[in-house]
Amino acid sequence: MEHSTEIILTIAGIVLVHGLIFYFLTRKSRLIKGKHVVVTGGSSGIGLWAAIECVRLGAHVTIIARNVSLLEKAKEELEKRRVRDTQMIQFRSLDLAQSYGAVTSTLDELERTVGAIYMLINCAGMAICGTIEDTSVEDARKLMDVNYFATYYPTRHVLPKMKEAGDGIIVITASQAALMGIYGYGAYAASKFALRGLAETIAMEARHRGVSVTLALPADTDTPGFENENRTKPEETKIISGSGGLAKPEHVGKRLVQDALKGSFFSIMGLESWVLSILCVGMAPWRGPLLCFVQFYLLGPLRLIGLALQWNFQRIIKNCAKQRQRT
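On a predicted model such as this, the values are computed, not experimentally measured, just so you know. (Residues numbered from 1 in each chain as written. Predicted model: local features only at pLDDT ≥ 70, side-chain atom pairs only at ≥ 80, totals over all residues. Heavy atoms only, no water.)

A.B. asks: Can you explain the overall build of the protein chain? Please cite residues and give values.
C.D. replies: Counting its regular elements, the protein chain contains 11 helices and seven strands. Taken over the C-alpha trace, the protein chain has a radius of gyration of 21 Å; the compact-globule value for 327 residues is 20 Å, and the two agree within 12%. With the C-alpha coordinates aligned to their principal axes, the bounding extent of the protein chain is approximately 70 × 60 × 35 Å. By sequence separation, contacts in the protein chain at least 24 residues apart represent 75% of the contacts at least 6 residues apart. Per element, the accessible surface of the protein chain, about 16,900 Å² overall, is 59% carbon and sulfur. (Helix = DSSP H or I, 4+ residues; strand = E, 2+ residues; numbered from the N terminus. Rg over C-alpha atoms; globule rule 2.2 N^0.38 Å. Contact = heavy atoms within 4.5 Å. Areas by Shrake-Rupley, 256 points an atom, 1.4 Å probe, with all protein chains shown as cover.)

Listed below in structure tokens is the structure:
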């Protein structure tokens, strides 16, 4: 009897392994060649490199940001990467947080001149650091406007059209701060947590209509925005967030696009981001049997690692407080 059970379990294991191999070998990325991709925050940083990757894949690309000078330079860079003469590369200057009406007007015009938006990559955002009491009410509201509403408005516009078409891709760029609260990131983390809620809701509402959503969770990335962010960071925040290193925007932008085309819900880079995404998976959408298998078996051990990290963060905060008292 025991021998029979071993045989059955062995056969089941072999079938499972081969099934997983077949799943990943046959899982194909969607193609965007000849389709219209809109990238917000596309004049620099992660957004620019995401746009470059889309151009490399043959898409018609429109980048949206506020600074016309940066947009013009970005357009020149994108035009150098064209793979087809017929590719349309253009930009629009727009404050995405200004109003929903302004966003819909611009996107409607783009769809008339270029075609339906097949893929929307939301990269517009900013960071202002400080403890809760040191962050002004005006800055907290600005963070919610730029990080949440500048993503919500264009997403709100394209989502029903993608549902009607039965196809489409939406990328929402958040941060590791969308998974856990971090000292000095209070108002910023709140705006990024809102984006995670938005992404999970879209995944539930639109998957059966052919629309996929990817939540990008980049760690600290070497962008102009990161330089500005560092000017307001408390010392505790610099030590805690600095442990993960500094990613290159070209790597993050490319990975973001590739993950979205594969239909991944989370887009992450590096061991730290991967561990954090497993720890904070919660009710995130199903994305394949192998990943769910890994999450199931690693959640317990990783919880212990998470507690150790939290203890280390508290140690850093206490040490910084002592250091300030001495000076």
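A.B. asks: Residue-level account of helix α3 (residues 68-80), with values.
C.D. replies: Taking 1.5 Å as the rise per residue, α3 with 13 residues should run 18 Å; its terminal C-alpha atoms sit 19 Å apart, in good agreement. Every buried residue belonging to α3 is among Leu71, Ala74 and Leu78, and all of these are buried. Taken end-on, α3 shows its buried residues confined to a sector of 65°, consistent with a single buried face. In this structure, α3 carries Lys73 and Lys80 as exposed residues pointing more than 90 degrees from its buried face. Buried positions along α3 lie against α2 (45-56), β2 (60-65) and β3 (89-93). You can read the cap of α3 off the contacts: a side-chain oxygen lies 3.0 Å from the backbone nitrogen of Ser69, and it is on Asn67. (Expected span 1.5 Å × (residues − 1). Buried < 20%, exposed > 50% of the residue type's maximum accessible area, 1.4 Å probe, protein only. Arc of directions from axis to C-beta. Polar contact = N/O pair within 3.5 Å; in protein donor to acceptor, adjacent residues only side chain to side chain.)

A.B. asks: If you had to explain the sheet that holds β2 to someone new, which residues and values would you point to?
C.D. replies: One open sheet holds the seven strands; their spatial order is β3-β2-β1-β4-β5-β6-β7, and the pairing between them is parallel. Looking at strand neighbours, the two that pair on one side only are β3 and β7 (266-267), the edges of this open sheet. Both strand β1 (residues 36-40) and strand β4 (residues 117-122) contribute to a ladder of five bridges, which runs parallel. Across the sheet, residue Thr40 finds its bridge partner in β4, namely Asn122. (Pairing = 2+ DSSP bridges.)

A.B. asks: Explain the packing of aromatic side chains residue by residue, including any values.
C.D. replies: Scanning the entire structure with this criterion turns up 10 aromatic pairs. Seen in terms of ring centroids, Tyr100 and Tyr153 are 5.8 Å apart; in terms of plane orientation they differ by 50°. Their pairing is tilted. With Tyr100 in helix α4 (residues 100-113) and Tyr153 in helix α5 (residues 137-165), this pair connects stretches of sequence that are 53 residues apart. Residue Tyr100 is classed as partly exposed on the basis of its relative accessible area of 29%. For the pair Tyr148 and Phe149, a centre-to-centre distance of 5.0 Å together with 80° between the ring planes defines the contact as edge-to-face. On the accessibility criterion, Tyr148 (16% relative accessible area) is buried. Under the relative-accessibility criterion, Phe149 is labelled partly exposed at 27%. Among the aromatic residues, ring-to-ring pairing joins Tyr100, Tyr148, Phe149, Tyr152 and Tyr153 into one connected group. (Phe/Tyr/Trp six-rings, centres within 6.5 Å; stacked < 30°, edge-to-face > 60°.)

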